Amino acid sequence: MLKEIKPGIYWTGAVDWEIRKIHGEEYSTHRGTSYNSYLIKDTKTVLIDTVGSPFASEFVENLDKEVGLNAVDAVIANHAEADHGGALAELMARIPGRPIYCTASGVKLLRGNYHQDWNFVPVKAGDTLDLGRGKLVFIEAPMLHWPDSMLTYLTGANVLFSNDVFGQHLATGLLFNDLLDQAELYQEAIKYYANILTPFSRLVEKKVEELGKLGLPLDMICPSHGAIWRSDPLQIVTKYLDWARDWREDRITVVYDSMWGGTRAMAEAIASGIESADDRVTVKRFNIARSDKNDVVTEVFRSKALLVGSSTINNGLLSSVAGFLEEIRGLKFRGKKAAAFGAYGWSGEAVKLINEGLEKAGFELLNAGLRLPWNPDAKALAECFEFGKGIGVQGKTTS
Ligand code: FEO
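Just so you know, these numbers come straight off a predicted model, no measurement behind them.

## Description of the pattern of salt bridges
Where charged atoms of side chains with opposite charge meet at close range, the side chains can pair.
Here is step 1: Summed over the entire model, instances satisfying the criterion amount to 25 salt bridges.
Here is step 2: Glutamate 356 is the salt-bridge partner of lysine 352, the closest N and O atoms lying 3.2 Å from each other. Separated by 4 residues within a single helix, lysine 352 and glutamate 356 lie in helix 11 (residues 350–360), roughly one turn from each other.
Here is step 3: Judged by relative accessible area, lysine 352 falls into the exposed class, the value being 54%.
Here is step 4: What makes glutamate 356 partly exposed here is its relative accessible area of 35%.

## Some thoughts on the domain arrangement of the protein
For interface size, the figure often reported is the accessible area lost on association.
Here is step 1: Each assigned domain of the protein is listed with its residue range as follows: domain 1 (3–244) and domain 2 (251–398).
Here is step 2: Spacing between the C-alpha centres of domain 1 and domain 2 amounts to 38 Å.
Here is step 3: Across the contact, 14 residues belong to domain 1 and 14 residues belong to domain 2.
Here is step 4: Summing both partners gives a buried area of about 1300 Å² for domain 1 against domain 2, and 51% of it is carried by carbon and sulfur.
Here is step 5: If you look at where domain 1 meets domain 2, you find 2 salt bridges.
Here is step 6: In this structure, glutamate 26 engages lysine 293 in a salt bridge whose closest nitrogen and oxygen atoms are separated by 2.9 Å.
Here is step 7: Counting across the domain 1 and domain 2 interface gives 8 residue pairs in polar contact (both at pLDDT 80 or more).
Here is step 8: Every element with two or more residues in the side of domain 1 that touches domain 2 is listed here: strand 5 (27–28) and helix 5 (182–197).
Here is step 9: Here the side of domain 1 that touches domain 2 gets 6 residues from one element, more than from any other, and that element is helix 5.
Here is step 10: Grouping the constituent residues of the side of domain 1 that touches domain 2 by class yields 6 nonpolar, 5 polar and 3 charged.

Analysis parameters
- Residues numbered from 1 in each chain as written.
- Predicted model: local features only at pLDDT ≥ 70, side-chain atom pairs only at ≥ 80, totals over all residues.
- Heavy atoms only, no water.
- Salt bridge = Lys/Arg side-chain N within 4 Å of Asp/Glu carboxyl O.
- Helix = DSSP H or I, 4+ residues; strand = E, 2+ residues; numbered from the N terminus.
- Buried < 20%, exposed > 50% of the residue type's maximum accessible area, 1.4 Å probe, protein only.
- Domains from an automatic or database assignment.
- Contact = heavy atoms within 4.5 Å.
- Buried area = accessible area lost by both parts, 1.4 Å probe.
- Polar contact = N/O pair within 3.5 Å; in protein donor to acceptor, adjacent residues only side chain to side chain.
- Nonpolar A, V, L, I, M, F, W, Y, C, P; charged D, E, K, R; others polar.

Structure, rendered in C-alpha cells:
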C-alpha cells in the first residue's frame, strides 16, 4: 500500500513481521524487519529500491494497482543486496528497458545477483537526475556496507534515501521515528550498527563528515529498514558519528561457555570482583552457547572491556566460544580491552587460544589471563574474585 510520507513522496515497501533471521542465519531479527521502497511522483516518477524476494509479487501488483507500472520512469537501486533488489526481476519483466540508476559497482553486483542485462545507468558521486520540481543527487558510499552502496538525496523536499545506513531491523506499521517506542528503536538501531557497520566505522565517520560539509538541508532520512527519521533526523547522524568513533560505555561484558560449571563459576566470581571494585560499572554475563550472538555483539559494542572464558576441550576451545571469537574478529572493534579465563582438567590451552583470538580481533589484553585446574574451590574462586577486582580497579582508573 502506498503511504504518503511527504507531498509527492510515498512509502511503498513491505513489512516482514515473521522474519527472525536475516543474512541466512547470521542476524537475529527479534522484532521482524521492513523493506522500505519509496516512490517519488514528480514530472518524472521514480522508484527507490524494491523489497525482499518473498514480497516481490505483492509489491509489483500493489505498485501496478496504485500507480500503474507504466508510470514508473526509472528505478534507483541504492544497493544490490537481495532484501532491496529482490523484486527487481519481477518488476523489470513488466517494464523492460526502464533505466536503473546505480553505482558502477552496483551494475556488477546486480548482474551477479540477478543475471539480467537491464538498462543500467551507472552514476558517480555528485551526479544528478532531474525529476521536474526536484532533483536527485547521488552520493556513493562504498562499503557502507557493500561496495555498491549509495545514498540518494532529493532536493526541494530535503530527503535523504540512505538505504541500509541509519536503518533498523524493526517491523512497524507506523513508519516514523517519533511514533515508535524509543527504547525499541534505539536498541534496534545500535544492534544494526554494531553487527553490520562496525567494521566500516572509519568510513562511516568520513562519510558522515562529508555529508556535513555538503551542508544539505535535511528534513527526513528514509532508510531501507525500519523507521523513517522525520523528528530531529540529525539525532541518528550524531549517533552514527559517536558510534563510529570507537564507542564504549561504562560496561564490561563477560562471555563464556562451560562444560561442567567450573568456567561458569569463574565467570561469576570474576564479575563479582569487578563489581566490588566499581559499583557503577554494568557487568553483564552471557553463556554464549545459550545467547543470541547478535545481542551479545551489541553488548560488546557498548562495552569498554570484554572477558572471555572457555573450558578446554580436545586441546582447544568450546565451539561456541571459538565461533564467537571468529565473529568478533570480523567486526574489527577498536579501543576495547579484554582478558581471558577458563577452568581445565589436564592440558588447559583455552586461555592461550582466547588471548590469541582476542588479539587478532583487535582487543588490548589487560593481563595474561586466568587458568585454573578442575572445579574451582573456595581458594580458587577467591583468586577469580581478585582477578575481577584488578580489572575493576583498572577499568575505573582508565575509563
Ligand atoms: Fe538491507 Fe545490505 O541490505
